[in-house]
Amino acid sequence: MEPKTNINFRKETLTKLLNEIIIHEKEIIDALYFDFKKPAFETVISETGYVIAELKETIKNLSKWAKPKRVFPSLLNFPSKDYIYKEPYGKVLIISPWNYPFQLALCPVISAFAAGNQVVLKPSELTPKTSEIIEKIMAKVFIKKDVNVIEGGIEVAQELLSKRWDYIFFTGSVAVGKIVAKAAAENLTPVTLELGGKNPCIIDETANLKLAAKRIVWGKFMNAGQTCIAPDYILIQKDMKSHFVDYLKKQITKAYGEDPSKSPDYARIVNRKNWQRLVDKIEPEKVIFGGKSDSENCYISPTIIEETSLDTEIMKDEIFGPILPILTYSTEAEIENIISKFEKPLAFYIFTENRIFSKHMIQKYSFGGGCVNDTMVHFSNKRLPFGGVGHSGIGAYHGILSFDTFSHKKSILKKSNFLDLPFRYAPYQDKLGTI
Ligand code: NAD
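Definitions and limits used
Residues numbered from 1 in each chain as written. Predicted model: local features only at pLDDT ≥ 70, side-chain atom pairs only at ≥ 80, totals over all residues. Domains from an automatic or database assignment. Contact = placed C-beta atoms within 7 Å. Nonpolar A, V, L, I, M, F, W, Y, C, P; charged D, E, K, R; others polar. Near = placed C-beta within 6 Å. Helix = DSSP H or I, 4+ residues; strand = E, 2+ residues; numbered from the N terminus. Core = buried A, V, L, I, M, F, W, Y, C linked by C-beta atoms within 7 Å. Buried ≥ 20, exposed ≤ 12 C-beta atoms within 10 Å, placed from the backbone. pLDDT = per-residue confidence, 0-100. Pairing = 2+ DSSP bridges. Axes fitted to C-alpha atoms, helices over the stretch in contact; angles between N-to-C directions. Parallel < 35°, antiparallel > 145°, perpendicular 65-115°, else oblique. UniProt positions renumbered as here; feature names shortened; annotations may be inferred. Expected span 1.5 Å × (residues − 1). Arc of directions from axis to C-beta.

With an unreviewed UniProt entry as reference, the protein is termed Aldehyde dehydrogenase, source organism Flavobacterium nackdongense.

Points about the domain arrangement of the protein
For the protein, the assigned domains read domain 1 (7-195 + 392-410) and domain 2 (200-380). Its C-alpha centre places domain 1 at a distance of 30 Å from the equivalent point of domain 2. If you look at the interface, domain 1 gives 13 residues, while domain 2 gives 15 residues. Broken down by class, the residue content of the side of domain 1 that touches domain 2 amounts to six nonpolar, four polar and three charged.

Quick word on the site of the ligand
The environment of the ligand is formed by 28 residues, the closest being Pro97, Ala157, Gly172, Gly196 and Cys228. Elements supplying a minimum of two residues to the shell around the ligand: helix 6 (154-161) and helix 7 (174-186). Among the elements that make up the shell around the ligand, the one with the highest residue count is helix 6 (four residues). For the shell around the ligand, the residue count by class is 13 nonpolar, 11 polar and four charged. Taken domain by domain, the shell around the ligand gets at least three of its residues from each of domain 1 (7-195 + 392-410) and domain 2 (200-380).

Describing the nonpolar core
Val92 and Val109 are the most contacted members of the largest nonpolar core, which has 106 residues in total. When residues of this core are assigned to their parent elements, the largest contribution, nine residues, is made by helix 4 (residues 103-114). Look past the residues within four positions of Val92 in its chain and what remains in contact with it is Ala112, Asn117, Gln118, Val119, Trp165, Asp166, Tyr167, Phe169 and Phe406.

Focus: the confidence of the model for the protein
Looking at the protein, the pLDDT average stands at 97 and 100% of residues meet or exceed 70. Here the predicted complex carries an ipTM of 0.98, next to a pTM of 0.96.

Regarding the sheet that holds strand 4 (residues 118-122)
Within a sheet, neighbouring strands are paired by backbone hydrogen bonds and run either parallel or antiparallel to one another. The strand order across the open sheet built from six strands is 5-4-3-6-7-17, with neighbouring strands paired in mixed fashion. The open sheet terminates on both sides in strands that have one partner only, identified here as strand 5 (147-149) and strand 17 (393-394). Sheet topology places strand 3 (residues 91-95) next to strand 6 (residues 167-171); four bridges connect them, and they run parallel. Paired with Ile95 across the bridge in strand 6 is Phe170. Each of strand 3 and strand 4 touches helix 6; the most contacted strand, strand 4, lies at about 155 degrees to it.

So, the packing of helix 3 (residues 40-66) against helix 4
For the pair helix 3 and helix 4, the least separation of the axes is 9 Å and the interaxial angle reads 10 degrees. Taken together, helix 3 and helix 4 sit at an angle that is classed as roughly parallel. Facing Ser46, Glu47, Tyr50, Val51, Glu54, Leu55, Thr58 and Leu62 of helix 3, the residues of helix 4 in contact are Gln103, Leu106, Cys107, Ile110, Ser111 and Ala114. In terms of residue class, the contact of helix 3 with helix 4 is made up of eight nonpolar, four polar and two charged.

Comments concerning the UniProt feature "active site" (unreviewed entry) in the protein
Residues annotated in UniProt with the feature "active site" (unreviewed entry) correspond here to Glu194 and Cys228. A maximum C-alpha distance of 9.2 Å among these annotated residues, which run over 35 residues, shows that they cluster at one spot. You can see Glu194 is positioned in strand 7 (residues 191-194). We classify Glu194 as buried; it has 25 C-beta atoms within 10 Å. Aside from chain neighbours lying at most four places away, what touches Glu194 is Phe170, Thr171, Gly387, Gly388 and Gly393. Tracing the chain through its elements places Cys228 in the loop between helix 8 (209-221) and strand 9 (233-237).

Structural notes on helix 1 (residues 7-23)
For helix 1, which comprises 17 residues, the first-to-last C-alpha distance of 24 Å matches the rise-based estimate of 24 Å (1.5 Å per residue) to within 8%. Within helix 1 the residues assigned to the buried category are Arg10, Leu14, Leu17 and Ile21. Mapping the buried residues of helix 1 onto a view down its axis gives an arc of 55 degrees, with all of them on the same face. Exposed side of helix 1, more than 90 degrees from the buried face: Asn8, Glu12, Ile22 and Ile23 are the residues found there. Check the buried side of helix 1 and you find it contacts helix 2 (25-36), helix 3, helix 4 and helix 5 (128-141).

Structure below.
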């Protein structure tokens, strides 16, 4: 589809957006704090700072990304010049979740607009202050025809999904991802689905336990565990467990103090419904650390659970909160029994000093992406595609891949008329020789 906007206009508009985000950064931080007490530091590193970096990268590279790319021709077509043209799909619908409500709404919008599409964004109804500021900033920068923000809940999302789109980009739960995929199938609309899953975190007997605890506490309890790529459960070599749990407890206390409810660095659960869902997963007799909660403030303290069964509420599906079950293994077969019980996860973490073990795990299991000896940070490299596989999602984005996600790749072969080899034309007679 012919773009409705030219590259220079897109760059100028994105520069305007960049300036508005910088001007309103404090307001954005306050909105996220209002919505679920997200700490300012976490907002800057995972929301505003991330979006600002993405904008700068896009503005800098847009002309290069949008240019038709010449590729080697096939000898069969000699003489020709072959190109890949990137064209916008047209009308794009973006539906975003509440857990990183600024970043997960803005990043796809930036790329979809940069690729020349017209965009409708439906942000989450569960973080209303953030959605309000998003709408305000967008209205200052874009005309509605280019980017329109439509606020609302499930009915609004369903109404939007009933319309015809040229591309749908959805971030959210697996259950709603299936609803989106069904709606998209009605018109054969291509989709990106950024979903979730039960992300394992395997720790073997060679791991640096102290450092592992530090990095796992950071990845698990940032955003109060409400992160699609947070470690969901620990699977640790049996003999290492008690040492590791000691380090975990110390690290949680170091990060959030004796009473995390007083810590300025610890977020809250987004609403009462999610709070109740999480509290119902906690079996008090299995709690070995934390387990404190307060419905008034949607607070749940960083909680460690000792788990031996896979048939419990906590092990049923993605936890998406600050509860960390610890399971143990003795043999590799036990690792396999546990991991293969779940759908392909979005993230996978391995803590080990044994390169053969990490290589083996990476090759053996299918998952979206992950880290060896860290958690979550693969998200921050724009050169790494970010997305799931199987139930954790379809498609991937970040960096140039985001631009490509929102561009149809049109293949064009420009043939020269100066030579016309006769081989392909009928009559074929005995052109195949003796086969
Ligand atoms: P959600 O699926 O409940 O909601 C996401 C969006 O879909 C919201 O805008 C909501 O209004 C809309 N929605 C909800 N129900 C709908 C329905 N029946 N029909 C149409 N639209 C509907 O997800 P959430 O609770 O906002 O976010 C948490 C989930 O998102 C977790 O599962 C998490 O793993 C996943 N997630 C994935 C990524 C990723 O990048 N892969 C990032 C963040 C969150």
